[in-house]
Amino acid sequence: MNYIEAIKYIEGIGKFGMNFGLDRIKRLCELLGNPQDKLKIIHVAGTNGKGSTTTFISNILISQGYNVGTYTSPYLERFTERIKINNNEILEDDVVKLVENIKPAIETVIKEGFDHPTEFEIITACAFKYFYEKQVDFVVLEVGLGGRLDATNVVKPIVSVITSISYDHMNILGDTLSKIAAEKAGIIKENIPLVLYPQQEEVREVILNIAKDKNSKVYNVSEAEYQITNDTVDGIVFNLKFNDNTYKNLKITMINRYQVLNAITAILTIKVLSDNGYDISDESIYTGLANSKWPGRFEVVHKNPYIILDGGHNIQGVEELVKGLKNYFTNKKIKIVCGMLKDKDYISMIKEMSKVSSDFIAVTPNNPRALTANELSYEIEKLNLRAIAIEDISEATEFAINTKYCDVLVFCGSLYLIGEVRKKLKLM
């Protein structure tokens, strides 16, 4: 088996679709020797901010000299982005070895009468095995979808983290914030501390009640005091105080103000680790934050004109994008290239985007659930906005960049769009 064959095998399992529940992944991990039980895991759930928070935590630990595995999804350009050690992507040869090793276990699971393990379950099990074989010091593990029934939830972490919660995947997680919060809070484990991002009151109430039932000590980011002292497209500088801890002039280059709260969430997570005996210096906090990058989240890839890539794919994500555009690009002409999925609240997302631009190019993201460029263009024009439909992402990217009449060009609406745009920009 070569790498292409290994990826085809993994992606071919996608035909079995999503099938929530932990029985299959538990059995699969048992057959692999339960590698997840031999890892120190920081488990991160939430609707928005999971990837950024994971990146901040990982880079602080890496700066301290630890070997740190990270598991994230989805990928933007390459499958290997999902599984990293010290920010280095898994080698293609290692992917092949993992797939060859896990196939017999998958066959056993099926023979024993379980449903076929899902694509995400198999990748998750591969990640556990890989991180154990490489003997990493920590794993920062991002939840795929939800929390309670997510394949990553077979772990017993050393700390759980819940980032911002809002409406998304309502057909799966529930149609109210309380129901969604309960699913996300499913990662909270008995006697394991929880770091909690500031939440709407109904979300916060659900999570705190579950944490209380689990005897999980909660570290509230909302109790931290912070002050932003400088905020430009080149980075954000802020001061932070919580309990007896004070930090002056912390800097992050992942811009847009919500990233400050993600950074604080990471710092509190690190303080929990420190309080439990792990050696992590303040210098590593400063260095790790400054070194953190997370592609496709208000990412500035070019100046003059500015080109912004943002993978926000729900209404909260788009609201934060619009806040950032208003903050950094007041009185600038903005053109938006967007692609969205049919199962998202795309009407509300377009309305939000219209607060900063009336000039759109609609494209079709590379996903079976995509809204076509023509469908999206039609919905945009119904709101009395200008829209051009260009089906192909590569063609749309080239067309947009060659349009001279804007100060800021924004690609947004779906991570499946952003990955393709990043590839195209590298070739131009």
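Residues numbered from 1 in each chain as written. Predicted model: local features only at pLDDT ≥ 70, side-chain atom pairs only at ≥ 80, totals over all residues. Heavy atoms only, no water.

Draft legend 1. Structural view of the overall build of the protein. The helix and strand tally for the protein stands at 15 helices and 17 strands. Taken against the 2.2 N^0.38 rule, which gives 22 Å for 428 residues, the C-alpha radius of gyration of the protein at 21 Å falls within 12% of a compact globule. In terms of principal-axis extent, the alpha carbons of the protein reach across some 60 × 55 × 40 Å. Here the protein holds 428 residues, and the buried ones make up 57% of them. For the protein, long-range pairs separated by at least 24 residues make up 73% of all intrachain contacts whose partners lie at least 6 apart in sequence. For the protein, the computed accessible surface area is about 18,300 Å², with 45% contributed by carbon and sulfur atoms. Across the protein, the 50 positively charged side chains and the 55 negatively charged ones have centroids separated by 2 Å. (Helix = DSSP H or I, 4+ residues; strand = E, 2+ residues; numbered from the N terminus. Rg over C-alpha atoms; globule rule 2.2 N^0.38 Å. Buried < 20%, exposed > 50% of the residue type's maximum accessible area, 1.4 Å probe, protein only. Contact = heavy atoms within 4.5 Å. Areas by Shrake-Rupley, 256 points an atom, 1.4 Å probe, with all protein chains shown as cover. Lys, Arg positive; Asp, Glu negative; His and termini not counted. Charge placed at Lys NZ, Arg CZ, Asp CG, Glu CD.)

Draft legend 2. Fine view of the packing of aromatic side chains. Scanning the model with the defined rule gives nine aromatic pairs in all. Each ring, one from Y71 and one from F120, has its centre 6.0 Å from the other, and the planes form 35°; the classification is tilted. Taken together, the residues Y71 in strand β2 (residues 68–71) and F120 in helix α5 (residues 119–133) connect sequence positions 49 residues apart. Seen from their ring centres, Y328 and F329 are 6.4 Å apart, and the 65° between their planes marks the pair as edge-to-face. The class of Y328 is buried, set by a relative accessible area of 13%. By relative accessible area, which is 4% here, F329 ends up buried. Through pairs of rings, three or more aromatic residues link up here, namely F298, Y306, Y328 and F329. Taking the ring centre of Y132 as reference, the NZ or CZ of K38 above it sits at 4.9 Å. (Phe/Tyr/Trp six-rings, centres within 6.5 Å; stacked < 30°, edge-to-face > 60°. Lys NZ or Arg CZ within 6 Å of the ring centre and 35° of its normal.)

Draft legend 3. Expanded view of the side chain of S292. The topology assignment puts S292 in the loop between α10 (282–291) and β12 (299–302). By relative accessible area, which is 0% here, S292 ends up buried. Aside from chain neighbours lying at most four places away, what touches S292 is T55, F56, N59, T253 and M254.

Draft legend 4. Molecular detail of the pattern of salt bridges. As enumerated under the stated definition, the model contains 19 salt bridges in all. The residue R27 makes a salt bridge to E112 at a minimum N-O spacing of 2.7 Å. Remark: E112 occurs in the loop between α4 (92–111) and α5 and R27 occurs in helix α2 (residues 23–31); sequence separation between them is 85 residues. Looking at E112, the relative accessible area reads 39%, which means it is partly exposed. Between R148 and E183 there is a salt bridge whose closest N-O contact spans 3.1 Å. (Salt bridge = Lys/Arg side-chain N within 4 Å of Asp/Glu carboxyl O.)

Draft legend 5. Focus on the sheet that holds strand β9 (residues 225–232). One open sheet accounts for three strands, arranged β9-β10-β11; its pairing is antiparallel. Each edge of the sheet is formed by a strand with only one pairing partner; in this case those strands are β9 and β11 (245–252). Each strand of the sheet is rotated relative to its neighbour by a mean of 10°, with strand direction disregarded. In this structure, β9 lies alongside strand β10 (residues 235–242), joined through seven bridges in antiparallel fashion. Within the sheet, the bridge partner assigned to T232 lies in β10 and is G235. (Pairing = 2+ DSSP bridges. Axes fitted to C-alpha atoms, helices over the stretch in contact; angles between N-to-C directions.)

Draft legend 6. Fine view of the state of the cysteines. Scanning the model with the defined rule gives zero disulfides in all. Among the cysteines around C29, which has no disulfide bond, C126 carries the closest sulfur, lying 10 Å off. Overall, the relative accessible area of 1% leaves C29 in the buried class. On the basis of relative accessible area, C126 is assigned to the buried category, the value being 6%. (Disulfide = S-S within 2.5 Å.)

Draft legend 7. A look at α4. Between its first and last C-alpha atoms α4 spans 29 Å; for 20 residues at 1.5 Å apiece the expected length is 28 Å, and the two agree. Where α4 bends most, at I102, the angle is about 30°, and the proline P104 comes one to four residues later. Those residues of α4 that sit buried are D94, V95, V96, L98, V99, I102, A105, I106 and V109. Looking at the buried positions of α4, the neighbouring elements they touch are α1 (3–12), α2 and α5. Among the residues trailing α4, G113 stands out with phi positive, at a value near 100°. (Expected span 1.5 Å × (residues − 1). Bend = angle between axes of the 7 residues up to and from the residue.)

Draft legend 8. Spatial organisation of helix α3 (residues 50–63). With 14 residues, α3 ought to run about 20 Å at 1.5 Å a step, and its terminal C-alpha atoms sit 20 Å apart, in line with that. Of all 14 residues that make up α3, twelve are buried, and the element is covered over most of its length. Within the sequence span of α3, burial applies to K50, G51, S52, T53, T54, T55, F56, I57, S58, N59, I60 and L61. Count one or two residues on from α3 and you reach G65, which has phi positive near 105°.

Draft legend 9. Expanded view of the pairing of strand β14 (residues 334–338). Of all five residues in β14, five are buried, a share of seventy percent or more. Neither face of β14 is left uncovered, since the one carrying I334, I336 and C338 and the one carrying K335 and V337 both have all their residues buried. As paired strands, β14 and strand β15 (residues 359–362) are joined by three bridges and run parallel to one another. Residue pairing for β15: C338 is matched across the bridge by A362. Crossover connection from β14 via helix α12 (residues 346–353) to parallel β15: handedness right-handed. (Right-handed = clockwise from strand over helix to strand, strands pointing away.)

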